[in-house]
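Understanding the architecture of this molecule
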Amino acid sequence: MTHLVTENCIKCKYTDCVNVCPVDCFYEGPNFLVINPDECIDCGVCIPECPVNAIVEDDSCNEKDFYYELNHRLSQKWPNIVKSKDPLPEAENYKNVTDKLKLLEE
Ligand code: SF4
Ligand code: F3S
């Protein structure tokens, strides 16, 4: 089991999740963060930190296989992020937008 970042994060990237992770398993791309499922210890403390509810436990995820592959693949490619920073400038405009996968920059 693992936790996964889903599309609500795209174009927001609040990064509050990063500060609480005990194993520093978040990885940062241009407009999205992912979790490395091999490193996540499933503690769940990041879930309430995300203002847009982007983080889910994998068994609660409707598209578990898709998001597992996405988080795993991008965590191999993107740099580790261990400290929160300012959200993206457009975060407030995108926090209630749905169907954001097409906006993901890899
Ligand atoms: Fe980190 Fe725990 Fe969230 Fe996994 S569930 S990403 S270990 S804070
Ligand atoms: Fe993204 Fe939420 Fe973390 S918007 S960067 S998953 S706090």
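Residues numbered from 1 in each chain as written. Chains lettered and ligands numbered in written order. Predicted model: local features only at pLDDT ≥ 70, side-chain atom pairs only at ≥ 80, totals over all residues. Heavy atoms only, no water.

**Some remarks on the site of ligand 2**
Around ligand 2, the structure places 13 residues, and the nearest of them are Cys-9, Tyr-14, Thr-15, Cys-17 and Cys-50. For the shell around ligand 2, the residue count by class is 10 nonpolar, 1 polar and 2 charged. (Near = heavy atom within 4 Å. Nonpolar A, V, L, I, M, F, W, Y, C, P; charged D, E, K, R; others polar.)

**As for the packing of aromatic side chains**
The description of an aromatic ring pair rests on the distance of the ring centres and on the angle between the ring planes. Applying the stated criterion across every chain, the model contains 2 aromatic pairs. Plain terms: the ring middles of Phe-32 and Trp-78 are 6.5 Å apart, the flat faces sit at 85° to each other, and that makes the pair edge-to-face. Here Trp-78 lies in the loop between helix H2 (64-77) and helix H3 (91-94) and Phe-32 lies in the loop between strand E2 (26-28) and strand E3 (33-35), a separation of 46 residues in the sequence. Residue Phe-32 is classed as buried on the basis of its relative accessible area of 0%. Given the relative accessible area of 7%, Trp-78 is considered buried. With centroids separated by 5.0 Å and ring planes inclined at 80°, the aromatic side chains of Phe-66 and Tyr-67 adopt a geometry described as edge-to-face. (Phe/Tyr/Trp six-rings, centres within 6.5 Å; stacked < 30°, edge-to-face > 60°. Helix = DSSP H or I, 4+ residues; strand = E, 2+ residues; numbered from the N terminus. Buried < 20%, exposed > 50% of the residue type's maximum accessible area, 1.4 Å probe, protein only.)

**A short note on the pattern of salt bridges**
Counted according to the given criterion, the structure contains 8 salt bridges. In this structure, Asp-59 engages Lys-64 in a salt bridge whose closest nitrogen and oxygen atoms are separated by 2.9 Å. Connected through salt bridges with shared partners, the residues Lys-13, Glu-28 and Lys-85 form a single ionic network. (Salt bridge = Lys/Arg side-chain N within 4 Å of Asp/Glu carboxyl O.)

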